Amino acid sequence: MPRINLLPWREANRKERQRDFMSTLALALIVAAGSIGYAHYYIEDKIAIQESRNTLLDREIAEVNKKIAEVKSLKKELANLRARMDIVQRLQTSRPEIVHLFDEIPRLLPEGIFLSSLKQRERSVTVEGSAQSNARVSTMMRNITASKWLTDPSLDVVQTSQQGNDRVSKFTLRARQTNPADNKEGGK
């Protein structure tokens, strides 16, 4: 039986398999490194794009916030102007009211009532005076109720005192000033 030595062939086969394994391993490492590098580049690119979008959005938000602040200040200024216009309009419409009030007061006073003070605060009118009797004060209150320019009379104080042979009633009366034009508008 002939003898064949297969050791050199096995050694060569092992070296060739080892070379193939190393080359496959090197190729796998190169592919893995390339894949990792590409993934890193891709992710960094996406992050950079998103950061540029965020920067753009931040600038746009800042501009919109400035515009909102400007609109708020304009609305506040508009409200102030409207309030001023309302005050001027109320003053214009109420300007003749004091004349009507002073014209109406003598018509409301029955004989025997003497006024010592007349005060007006906003729409409230306070009258102080003296009367020859309580009945004359009651007549004045009825006249105020029937008046176009005054309403809601209320008697705060009545003090009766003797002055010589005469009896005098000192009174304080409050009423609310109205405008007939306002009542017509409210009734429509």
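Everything below is about the structure shown above.
Just so it is clear, the model here is predicted, and its values are computed rather than measured.

Calculation rules
- Residues numbered from 1 in each chain as written.
- Predicted model: local features only at pLDDT ≥ 70, side-chain atom pairs only at ≥ 80, totals over all residues.
- Heavy atoms only, no water.
- Salt bridge = Lys/Arg side-chain N within 4 Å of Asp/Glu carboxyl O.
- Helix = DSSP H or I, 4+ residues; strand = E, 2+ residues; numbered from the N terminus.
- Buried < 20%, exposed > 50% of the residue type's maximum accessible area, 1.4 Å probe, protein only.
- Expected span 1.5 Å × (residues − 1).
- Arc of directions from axis to C-beta.

Chemist: Teacher, can you tell me more about the pattern of salt bridges here?
Modeler: Opposite charge on two side chains lets them pair, provided their charged atoms get close. A complete count under the given rule lists five salt bridges for this structure. A salt bridge links Arg-107 to Glu-104, with the shortest nitrogen-to-oxygen separation between them at 3.9 Å. Residue Arg-107 and its partner Glu-104 are both found in helix α2 (residues 97–108); the two are separated by three residues, about one turn of the helix. For Arg-107, a relative accessible area of 58% gives the class exposed. In this structure, Asp-152 and Arg-176 form a salt bridge, with 3.1 Å as the shortest nitrogen-oxygen distance. Within this pair, whereas Asp-152 is found in strand β3 (residues 150–163), its partner Arg-176 is found in strand β4 (residues 166–177), the two being separated by 24 residues in sequence.

Chemist: Explain α2 to me, please; I cannot follow it from the model alone.
Modeler: The terminal C-alpha atoms of α2 lie 16 Å apart, and with twelve residues this matches the ideal 16 Å at 1.5 Å per residue to within 8%. For α2, every residue scored as buried is listed here: Glu-97, Leu-101, Glu-104, Ile-105 and Leu-108. The arc that holds the buried residues of α2, viewed along the axis, is 115°, so those residues lie on one side. Opposite the buried face of α2, at more than 90 degrees from it, the exposed residues are Val-99, Phe-102, Pro-106 and Arg-107.

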